[in-house]
Amino acid sequence: MEGLEPRLAKLARNGDRDAFRELVQLYKDRIYHLAYRMLGNAQEAEDVVQDTFLRVYTNLDRYDDTHKFSTWIYRIGTNLCIDRLRKRKSTLSLDAESSEGEGIDGHDMLSSPDPLPEQQLVLSETQQVIRDAIEKLPAKYKSIVILRYLHDMSLQEISDVLNMPITTIKTRVHRGREALRKKLDHQHFF
Amino acid sequence: MKCNEAITFIHEYMDGDLDAQGRMDLRQHLVDCAACRQRMDQYTRTTALIRSMPRSPVPDYLVDSVMQALPGTRKRQVWTRWVRQHPAVTAAVLFIAVMLLSLVSMWDSDTRLMVKGDDLDQLIITKNQVIVPAGHVINGDLYVENGELVVEGQVNGNLVVVDGRLNLASTALISGEHSEINKAIDWLWFKMGEWVEAVTP
Ligand SMILES: [Zn+2]
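Residues numbered from 1 in each chain as written. Chains lettered and ligands numbered in written order. Predicted model: local features only at pLDDT ≥ 70, side-chain atom pairs only at ≥ 80, totals over all residues. Heavy atoms only, no water.

What counts, and what does not: UniProt positions are given in the numbering used here, feature names are shortened, and annotations may be inferred rather than shown by experiment.
Chain B has the name Anti-sigma-W factor RsiW in an unreviewed UniProt entry, where Xylanibacillus composti is given as its organism. The heading Sequence similarities (unreviewed entry) in the UniProt record of chain B holds the text "Belongs to the zinc-associated anti-sigma factor (ZAS) superfamily. Anti-sigma-W factor family."

Labelled according to an unreviewed UniProt entry, chain A appears under the name RNA polymerase sigma factor, originating from Xylanibacillus composti.

Set out below in C-alpha cells:
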C-alpha cells in the first residue's frame, strides 16, 4: 500500500489543495525547527518554511514517489538554510569555506549577524551554551548535527537528504561532535 | 590501542557502527585510559544536551500563510474561504474600503473655500481667506478648508485648517488646539477621527 505522503502529494499534484494543506500540517513543525536551529531566528525560520513549501508545491511534478517524501522536503529545506548561511557569509565577504576538517573553530565570527534571543523560550544557561555552540558551527557540520540529534535521523537518512556519500556524513558527524565538545570544554562547561 | 585510534572507535560506537570485537577493544582501552574515558563522557553529555534542546513554538498562522503564498488559483480559494468564515470582519473591511474610496474622491474634487464653525458672524471671509479680526472673540471651533485662516483676535476653541494655511498674528489668542492638515493622508486620518466621534455615542 502506498504511504500517506506520496498519496497526498499525488492528490496535491492533481489540484487538491486540502491534500497539500495536509502536507503542510505534517511537515511545518519539522521544517520550522530545522530552520530555526540552522539560522537562529524566528523570522528567517518562517521564511524558510514558506520557501520550502512553495518549492515543494511548484515541483510536485518532479517528486518521485518511490522515494521518501520526508527526504525530499528535508533536502529542500536544508538547502534553503544553507543558501541563507552562505549569503550571510558572502555579505561578510570572507574567503571561501576552508577545506574539510579545518577551521572549525576559526568560524566563530560567522555566527548569525543578528542573533535574536530565543524570544518565546526561556533557556537554561546550559541550553544557551549549547545553542551558541551549534549556532557557531560551520554550515556543513551544523546541518548534519541538527539532522542527527534534533531530527533523529540515521546517517543513511542524512546521506539521502544531503545527497552525499555516507562516509562524508560520518566524517562530518565525528568532526561536528568533536567541535562541539571542544567549544564546551573551552568554556569550562564540563 | 592508541588514543587516536580509540577516539575513532568512540565515534563509531556512538554512531552504532562498532562491531563486537571493536567494542571489546574499546572497552579495554577505556579501562586503562582516563583521558579517553573523559572524552567519551564529554561526547555523551554533548549529544544528550543537543537532544534535550527545547523547540521554540511554531506560529499558529504558519499553515495559512504558507497556503496563501502558493501561486495560481490557490490564493483566491484561500481568500474566499476566509471570507466565508469571517463574514463580519469582511463586511467591516469592505465598509472601510468604500469609505476610503469616497474620501479620496472627495479630496480631489473639493477645492472651494469652506468655513465651518459656531460663531461665523464675526469673521471676515474673502475668496481665499478667513480672518478673525483683532479685538473680536470667537466662541467655538473653527474649521477652514482650501484657504488661509488669519487669526488676529481671540478664539475660544480649536482651529483646524485643511489644505490651506494658518496665520497667527502676534495678537492672536487661542484657547484650544490648532492644527494644519495639508496632505490627503492626514486629512483622511482627521476625517476618520470625525466619523469615529460621530458614531460613538
Ligand atoms: Zn586513550
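Section: the packing of aromatic side chains
Put simply, the rule reads: Ring pairs shown here join Phe, Tyr and Trp side chains whose ring centres sit within 6.5 Å, with only the six-membered ring taken for Trp; geometry is labelled stacked below 30 degrees between planes, edge-to-face above 60, and tilted in between. We call a charge positioned above a ring when the Lys NZ or Arg CZ atom is no farther than 6 Å from the ring centre and deviates by at most 35 degrees from the ring normal.
Applying the stated criterion across every chain, the model contains eight aromatic pairs over all chains. Among the aromatic residues, those joined into a cluster by ring pairs are Tyr27, Tyr63, Phe69 and Trp72 of chain A. Note that Arg148 of chain A overlies the ring of Tyr149 of chain A, its terminal NZ or CZ placed 5.5 Å from the centroid. A cation over a ring is seen here: Lys116 of chain B above Tyr143 of chain B, with NZ or CZ 4.8 Å from the ring centre.

Structural notes on the sheet that holds strand S11 (residues 178-181) of chain B
Note on sheets: strands pair through backbone hydrogen bonds, and any given pair is parallel or antiparallel. Residues and elements named next belong to chain B. Quick note on the threshold: Here, any two strands with at least 2 DSSP bridges between them count as paired. By definition, any uninterrupted DSSP run of H or I lasting at least four residues is a helix, any uninterrupted run of E lasting at least two residues is a strand, and each is numbered from the N terminus. Note on definitions: angles span 0 to 180 degrees between N-to-C directions of axes, and those axes are lines fitted to C-alpha atoms, for helices only across the stretch in contact.
If you walk across this open sheet you meet the four strands as S1-S5-S8-S11, and the pairing is mixed. Since the sheet does not close on itself, it has two edges, and those belong to strand S1 (114-117) and S11, each with one partner. If you compare each strand with its neighbour and ignore which way they point, the axes differ by 10 degrees on average.

What about the interface of chain A and chain B?
Applied cut-off: In what follows, a contact means two residues having at least one pair of non-hydrogen atoms within 4.5 Å. Buried area: the accessible surface (1.4 Å probe) lost by two parts on joining, summed over both. A carboxyl oxygen of Asp or Glu within 4 Å of a side-chain nitrogen of Lys or Arg is what we treat as a salt bridge. Polar contacts, as counted here, are pairs of nitrogen or oxygen atoms within 3.5 Å of one another; within protein the pair requires one atom able to donate a hydrogen and one able to accept it, and residues that are adjacent in sequence qualify only if both atoms are side-chain atoms.
Between chain A and chain B, the residue contacts involve 48 residues of the former and 36 residues of the latter. Interface of chain A and chain B: buried area, both sides summed, is about 4200 Å²; carbon and sulfur atoms make up 62% of it. Our enumeration of links across chain A and chain B arrives at five salt bridges. When the shortest N-O distance is used, the salt bridge between Arg177 of chain A and Asp15 of chain B registers 3.2 Å. Seen at the junction of chain A and chain B, the total is twelve residue pairs in polar contact (both at pLDDT 80 or more). Listing elements by their share of the side of chain A that touches chain B, those giving two or more residues are helix H2 (17-39), helix H3 (42-58), helix H5 (125-135), helix H6 (139-150) and helix H8 (166-186) of chain A. By residue number, the principal contributor to the side of chain A that touches chain B is H2 of chain A, which donates twelve residues.

Digging into empty space enclosed by the protein
As a reminder, the rule being used: The method works on a 1 Å grid over the protein atoms by themselves. A cavity is a set of points holding a 1.4 Å probe that cannot get out, a pocket is an open set with protein on both sides within 12 Å along at least five of seven lines, and residues with an atom within 4 Å of a point line them. Grid points are joined across faces, edges and corners, and a volume is the space filled by probe spheres set on the points. Only Asp, Glu, Lys and Arg are considered charged, only Ala, Val, Leu, Ile, Met, Phe, Trp, Tyr, Cys and Pro nonpolar, and every remaining residue, Gly among them, polar.
One pass over the structure, following the stated rule, counts one cavity of 30 Å³ or more. Taken as a whole, the largest cavity holds about 80 Å³ of empty space. Every residue along the wall of the largest cavity is listed here: His33, Tyr36, Arg37, Leu150 and His151 of chain A together with Met53, Pro54, Arg55 and Ser56 of chain B. With three residues, the top contributor of residues to the lining of the largest cavity is H2 of chain A. Looking at the lining of the largest cavity residue by residue, the classes come out as four nonpolar, three polar and two charged.

Overview of the side chain of His29 of chain B
Residue and element names in this part refer to chain B. Rule in force here: For every residue, the accessible area (1.4 Å probe, protein chains only) is compared with the maximum for its type, and the residue is labelled buried under 20%, exposed over 50%, or partly exposed between those bounds.
Within the secondary structure, His29 sits in helix H2 (residues 20-32). Overall, His29 belongs to the buried group, its relative accessible area being 10%. Those residues in contact with His29 that lie beyond four places of it in its chain are Met1, Lys2, Cys3, Ala6 and Cys36.

Details of the coordination of the zinc ion
All names here are of chain B. Here is the rule we go by: For Na, K and Ca the donor cut-off is 3.2 Å, while for other metals it is 2.8 Å, and in both cases only N, O and S atoms qualify; water is not among them, so sites may look incomplete. Geometry is assigned from the angles between donors: four donors with all angles from 85 to 135 degrees make a tetrahedral site, four or six donors whose opposite pairs exceed 155 degrees while the rest stay between 65 and 115 make square planar or octahedral sites respectively, and everything else is labelled irregular.
The protein atoms donating to the zinc ion are Cys3 (SG), His29 (NE2), Cys33 (SG) and Cys36 (SG), with metal-donor distances spanning 2.1 to 2.4 Å. Relative to the metal, the four donor atoms surrounding the zinc ion lie at angles of 99 to 116 degrees, and the coordination shape comes out tetrahedral. Mapped onto the sequence, the residues coordinating the zinc ion show the spacing C-x25-H-x3-C-x2-C. Like Cys36, Cys33 is buried.

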